[in-house]
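Close look at the chain arrangement
This is what each chain is made of:
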Amino acid sequence: MKKEDFNWLSKRFDIPEEDIIWYNSGCCYSRIQVKTKESAKKIHDVAKNDTANGGMLHGMPLGGISEYKDKDGNIYYDITC
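Nothing here was measured: the structure is a model prediction, and the numbers come from that model.

Strand order in the open sheet formed by four strands is 1-2-4-3, with antiparallel pairing between adjacent strands. For this open sheet the edge positions go to strand 1 (20-24) and strand 3 (65-69), each flanked by a neighbour on one side alone. Strand-to-strand twist in this sheet, taken as the mean axis angle between neighbours without regard to direction, amounts to 20°. Here five bridges tie strand 3 to strand 4 (residues 75-80), and the two strands are oriented antiparallel to one another.

In structure tokens, the structure reads:
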């Protein structure tokens, strides 16, 4: 991802750029991974009234937060948006 992408996502979700780990923009819905629960909750609040648009998951509510641990034991959050 480019610096501009991190900046756009930071503004869109009102989260610090340094919290963003990864983002995938899909055709039906997108996913973002962040380092903190606070950022995950902000993304959830923005996405919670939206649904997936098309595909096998059409109509699925967005804003779901999944918690994961990486190989080093660090926790991160994956949110549908």
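Read on for the rest.
Before going further, it helps to examine the packing of aromatic side chains. For the coordinates displayed, the defined rule picks out two aromatic pairs. With a centroid separation of 6.5 Å and an interplanar angle of 70°, the aromatic rings of Trp-8 and Tyr-23 are classed as edge-to-face. Taken together, the residues Trp-8 in helix 1 (residues 3-13) and Tyr-23 in strand 1 connect sequence positions 15 residues apart. Among the residues examined, Trp-8 registers a relative accessible area of 46% and is labelled partly exposed. Given a relative accessible area of 16%, Tyr-23 falls into the buried group.

Here we come to the pattern of salt bridges. As enumerated under the stated definition, the model contains two salt bridges in all. Here Arg-31 makes a salt bridge to Asp-78, at a shortest N to O gap of 2.7 Å. Placement of Arg-31 in strand 2 (residues 31-34) and of Asp-78 in strand 4 is noted, with a sequence separation of 47 residues between them. Of the residues examined, Arg-31 reaches a relative accessible area of 31% and is grouped as partly exposed.

Criteria and thresholds
- Counting from 1, residues in each chain are numbered in the order their sequence is written.
- Thresholds applied to this predicted model are a pLDDT of at least 70 for local features of residues and 80 or more for the giving and counting of side-chain atom pairs; totals over whole chains, interfaces and linings are not thresholded and use all residues.
- The side-chain quantities take in all heavy atoms of the structure and omit both hydrogens and water.
- Whether two strands pair comes down to DSSP finding at least two bridges between them.
- Counting from the N terminus, the helices are DSSP H or I runs at least four residues long and the strands are E runs at least two residues long.
- A fitted line through C-alpha atoms represents every axis, and for helices the fit uses only the stretch in contact; the resulting angles, taken between N-to-C directions, go from 0 to 180 degrees.
- By convention, a stacked pair of Phe, Tyr or Trp rings (six-membered ring in the case of Trp) has centres within 6.5 Å and planes under 30 degrees apart, an edge-to-face pair has planes over 60 apart, and any other such pair is tilted.
- Partly exposed describes any residue whose relative accessible area lies between the buried limit of under 20% and the exposed limit of over 50%, with all areas from a 1.4 Å probe on protein chains only and scaled to the type maximum.
- Salt bridge criterion: a side-chain nitrogen from Lys or Arg within 4 Å of a carboxyl oxygen from Asp or Glu.

Distances and angles like these do not, on their own, reveal function.
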